[in-house]
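# Reading the structure
Chain by chain, the residues:
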Amino acid sequence: MKEYVAFLLQMIIWSSFSLIEWLSGRDRLFFKGMMLCVFLYIAFLLARKIGLRTRKALWTTTLTAAMYFICQHFVWEALQ
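Residues numbered from 1 in each chain as written. Predicted model: local features only at pLDDT ≥ 70, side-chain atom pairs only at ≥ 80, totals over all residues. Heavy atoms only, no water.

## Focus: the packing of helix H1 (residues 2-23) against helix H3 (residues 54-79)
Packing of H1 against H3 leaves a shortest axis separation of 9 Å and a crossing angle of 45 degrees. Considered as vectors, H1 and H3 are oriented oblique to each other. Crossing of H1 over H3 shows right-handed handedness. Residue-level contacts link Glu 3, Ala 6, Phe 7, Gln 10, Met 11, Trp 14, Phe 17, Ser 18 and Glu 21 of H1 to Lys 56, Thr 60, Thr 61, Thr 64, Ala 65, Met 67, Tyr 68, Phe 69 and Gln 72 of H3. Of the residues contributing to the contact of H1 with H3, the split by class is nine nonpolar, six polar and three charged. (Axes fitted to C-alpha atoms, helices over the stretch in contact; angles between N-to-C directions. Helix = DSSP H or I, 4+ residues; strand = E, 2+ residues; numbered from the N terminus. Parallel < 35°, antiparallel > 145°, perpendicular 65-115°, else oblique. Left-handed = near helix turned anticlockwise from the far one by under 90°. Contact = heavy atoms within 4.5 Å. Nonpolar A, V, L, I, M, F, W, Y, C, P; charged D, E, K, R; others polar.)

And the structure:
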């Protein structure tokens, strides 16, 4: 159950990442990469705060980030 809650909250984090990425459209790639690292760290800390062990929190964060970027890729491909 903790994994499911962490997954849902991390998807909210990734949705906010999408909004902030859209707002910072003219930023350089370096700063977008730094922003991605910050959001990855926040998502990981959230999973740890919920009570997941470090390895499970890392896997949950990796899974949600991968799922978010794969879905984002397909959505952008469909819109163009």
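## Description of the packing of helix H2 (residues 29-50) against H3
Taken N-terminus to C-terminus, the directions of H2 and H3 make an angle of 135 degrees; their axes are 9 Å apart at the nearest point. Classified by the interaxial angle, the pair formed by H2 and H3 is oblique. Considering how the two elements wind past one another, H2 and H3 form a crossing that is right-handed. In this structure, H2 contributes Leu 36, Leu 40, Ala 43, Phe 44, Ala 47 and Arg 48 to the contact, and H3 contributes Thr 54, Ala 57, Leu 58, Thr 61, Ala 65 and Phe 69.

## What about H1?
One turn of the α-helix equals 3.6 residues, which is why residues spaced by three or four share an orientation. Taking 1.5 Å as the rise per residue, H1 with 22 residues should run 32 Å; its terminal C-alpha atoms sit 32 Å apart, in good agreement. Within H1, the full set of buried residues consists of Ala 6, Gln 10, Ile 13, Trp 14 and Phe 17. Down the axis of H1, the smallest arc covering the buried residues is 105 degrees, so these residues share one side. Facing away from the buried surface of H1 by more than 90 degrees, the exposed residues are Tyr 4, Ile 12, Trp 22 and Leu 23. Against H2 and H3 lie the buried residues of H1. (Expected span 1.5 Å × (residues − 1). Buried < 20%, exposed > 50% of the residue type's maximum accessible area, 1.4 Å probe, protein only. Arc of directions from axis to C-beta.)

## Thoughts on the pattern of salt bridges
One pass over the full model with this rule turns up one salt bridge. Salt-bridge contacts for Lys 56 lead to Glu 3; the nearest nitrogen and oxygen are separated by 3.7 Å. One end of the pair, Lys 56, is in helix H3; the other, Glu 3, is in helix H1, and 53 residues separate them in sequence. Since its relative accessible area comes to 41%, Lys 56 is described here as partly exposed. (Salt bridge = Lys/Arg side-chain N within 4 Å of Asp/Glu carboxyl O.)

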